[in-house]
Amino acid sequence: MDRLSPEQLNPSIYVGLRLSSLQAGAKEAHYLHSLKLSYQQSLLSNDNSDSEAKPSMGQLALYLLALRANCEFVGGRKGDRLVSQLKRFLEDEKGAIGHNHQGHPHTSYYQYGLGILALCVHQKRVHGSVVGKLLYAVEHEQHLQQGHFPVDTLAMAGLAFSCLKLSNLNPSQRNRITVALGRVQEKILKAQTLEGHFGNVYSTPLALQLLMASLRPTVELGTACLKAKAALLASLQHKAFQNPLMISQLLPILNQKSYVDLISPDCEAPRVLLEPATETPSQTQVPEFIHVTLKVSSIFPSYRHSVSVPVSSSLEDVLKKAQEHSRFRYGTQASLSGPYLTSVMGKKAGEREFWQLLRAPDTPLLQGIADYRPRDGEAIELRLVGW
């Protein structure tokens, strides 16, 4: 088999597949082998000159989840270095939040919770002061509210709390963890929309993972989960899930699993072998084109330009075409959920700023530039906003 490039490797995909009812046979083992080669080489090398090539805290946490999904505990010299690196990440984030809780993580509370969860499923104790920052953030929700209701962030925090409670790794904080977990579940249930989603369609899988892992199921919780599952199945019919990271969070739900199950994964459970997708040959035809207007108002002078691209093009395709044929310029950074904008027309997003994607006049897009497919006649605005 060909060796996979770092851009093709996403530990979340492996975790989602292992927690699903599906398996990919030899390709699955090859994917894990490629993950190990890539992450161990980049993390354990002594060369600090290319720090951007090293995995982030969230990527390292997902890699540890992937190892646990294969029923492996990190150990030995290499494993200890991985654990120490993730703990250093968390300590740095704790320092950024500050003693008085007035600061913010360099990354996000989502990645902070993910880091705690990854260490927990490997039975690695996290210092109480690190857990305490996440507890305080949930107890004082203004720390988590960044312009929208952060259901996925709350869900990840809740999954971390669920693991800590089940593993009893921080017994002195057990009561506080229990109360915070109940608060998270309550907030997520209140965020359910009329359609059944928790927050939006893309935050629902992670929210469902948390609610399904509840140690105290109720009639209200069961009813809400059934409604959310029905909404997700309807979204699947409309092909709403195209992003690999989102799909990987959805797969465990379809198998009644969650990331908390990685405490004691069942690696002997039977799984159905995936069959390679086959494409039916279609007659060659001239592609249809759509026209999309691209706007940038956060700069001077402002930018507005109409771009013609083939039907089913992504917003990223629109940006590339605009860059080829006008003064438009943009920059991106790779992430596990795909590329995201870091600069537009030479203006970089500063600390606590980001380039928001909107369908004119003011509808925020729920997908990134690689996943969103504009329609003919749409106007897309790129707006620099603070949070």
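Residues numbered from 1 in each chain as written. Predicted model: local features only at pLDDT ≥ 70, side-chain atom pairs only at ≥ 80, totals over all residues. Heavy atoms only, no water.

Taking an unreviewed UniProt entry as the reference, the protein is identified by name as Transcobalamin-2 belonging to Neophocaena asiaeorientalis asiaeorientalis. Per UniProt, the protein carries the Subcellular location (unreviewed entry) text "Secreted". Quoted verbatim from the Sequence similarities (unreviewed entry) field of UniProt, the annotation for the protein is "Belongs to the eukaryotic cobalamin transport proteins family." (UniProt positions renumbered as here; feature names shortened; annotations may be inferred.)

Draft legend 1. Expanded view of helix H9 (residues 204–212). A large share of H9 lies buried, amounting to eight of its nine residues. When we look at burial in H9, the residues that qualify are Thr-204, Pro-205, Leu-206, Ala-207, Leu-208, Gln-209, Leu-210 and Leu-211. Packed against the buried residues of H9 are helix H5 (109–121), helix H7 (151–167), helix H8 (174–190), helix H10 (219–237) and helix H11 (244–254). (Buried < 20%, exposed > 50% of the residue type's maximum accessible area, 1.4 Å probe, protein only. Helix = DSSP H or I, 4+ residues; strand = E, 2+ residues; numbered from the N terminus. Contact = heavy atoms within 4.5 Å.)

Draft legend 2. How the structure looks around the sheet that holds strand E8 (residues 353–359). Strand order across the open sheet formed by five strands is E4-E3-E10-E8-E9, with mixed pairing between neighbours. In the strand order of this sheet, the two ends are held by strand E4 (303–310) and strand E9 (363–364), each with one partner. Pairing geometry for E8 and E9, over two bridges, is antiparallel. The partner of Arg-359 across the bridge, within E9, is Thr-363. (Pairing = 2+ DSSP bridges.)

Draft legend 3. Representation of the pairing of E8 in the model. Pairing of E8 with strand E10 (residues 379–386) involves seven bridges; the strand directions are antiparallel. Bridge pairing in E10 links Arg-359 to Ile-380. Count of turn residues in the E8/E9 antiparallel hairpin: three residues.

Draft legend 4. Just the packing of aromatic side chains, in detail. Enumeration according to the criterion identifies five aromatic pairs in this entry. Each member of the aromatic cluster is reached from another via a ring pair, and the members are Tyr-303, Phe-328 and Tyr-330. The ring of Phe-73 has Arg-68 lying over it, and the distance from NZ or CZ to the ring centre is 3.7 Å. (Phe/Tyr/Trp six-rings, centres within 6.5 Å; stacked < 30°, edge-to-face > 60°. Lys NZ or Arg CZ within 6 Å of the ring centre and 35° of its normal.)

Draft legend 5. Spatial organisation of a positive patch on the surface. A cluster of basic side chains, namely Arg-77, Lys-78, Arg-81 and Arg-88, defines a positive patch on the protein surface. With respect to the helices and strands, the residue Arg-88 is situated in helix H4 (residues 76–97). Taking relative accessible area as the criterion, Arg-88 reaches 47% and is therefore assigned partly exposed. (Patch = residues over 30% accessible without salt bridge, like charges linked within 9 Å, V, L, I, M, F, W, Y side chains within 5 Å. Areas by Shrake-Rupley, 256 points an atom, 1.4 Å probe, with all protein chains shown as cover. Salt bridge = Lys/Arg side-chain N within 4 Å of Asp/Glu carboxyl O. Lys, Arg positive; Asp, Glu negative; His and termini not counted. Charge placed at Lys NZ, Arg CZ, Asp CG, Glu CD.)

Draft legend 6. Inspection of the sheet that holds strand E5 (residues 330–333) at higher detail. Pairing is antiparallel in the open sheet, where three strands are placed in the order E5-E6-E7. The sheet is open, and its two borders are formed by E5 and strand E7 (347–348), each paired with just one other strand. Pairing of strand E6 (residues 340–344) with E7 involves two bridges; the strand directions are antiparallel. By the bridge assignment for E7, Ser-343 is matched with Lys-348.

Draft legend 7. Quick look at unusual backbone geometry. The linkage connecting Phe-300 with the following residue, Pro-301, adopts the cis geometry, with an omega of -5 degrees. Of note, the bond from Ala-360 into Pro-361 is cis; its omega dihedral lies within 30 degrees of zero at 5 degrees. Positive phi outside glycine occurs at Lys-239, with the angle close to 55 degrees. Relative to the elements of secondary structure, Lys-239 occurs in the loop between H10 and H11. Even without a glycine there, the phi angle at Ser-312 is positive, about 75 degrees. Summarising the element assignment, Ser-312 is placed in the loop between E4 and helix H12 (315–325).

Draft legend 8. Summary view of the state of the cysteines. Enumeration over the complete set of coordinates arrives at two disulfides. For Cys-71, the disulfide goes to Cys-267, at an S-S distance of 1.9 Å. Every disulfide takes its handedness from the sign of the S-S torsion; for Cys-71 and Cys-267 that torsion is 110 degrees, giving right-handed. One end of the pair, Cys-71, is in the loop between helix H3 (57–69) and H4; the other, Cys-267, is in the loop between H11 and strand E2 (272–273), with 196 residues separating them in the sequence. Judged by relative accessible area, which is 34%, Cys-71 ranks as partly exposed. The disulfide bridge from Cys-120 ends at Cys-163, spanning 2.1 Å between sulfur atoms. Looking down the S-S bond of the Cys-120 and Cys-163 bridge, the torsion is -100 degrees, so its handedness is left-handed. (Disulfide = S-S within 2.5 Å.)

Draft legend 9. Highlighting the domain arrangement of the protein. Taken domain by domain, the protein comprises domain 1 (11–46 + 53–273) and domain 2 (289–386). Taken over C-alpha atoms, the centre of domain 1 sits 29 Å from the centre of domain 2. Residue-level contacts link 10 residues of domain 1 with six residues of domain 2. Buried area between domain 1 and domain 2, summed over both chains or domains, comes out near 790 Å², and the portion from carbon and sulfur atoms is 61%. Looking at the side of domain 1 facing domain 2, the largest losses of area belong to His-104, Tyr-202 and Asn-243, adding up to 47% of the total buried there. Looking at the side of domain 1 that touches domain 2 residue by residue, the class counts come to five nonpolar, five polar and no charged. (Domains from an automatic or database assignment. Buried area = accessible area lost by both parts, 1.4 Å probe. Nonpolar A, V, L, I, M, F, W, Y, C, P; charged D, E, K, R; others polar.)

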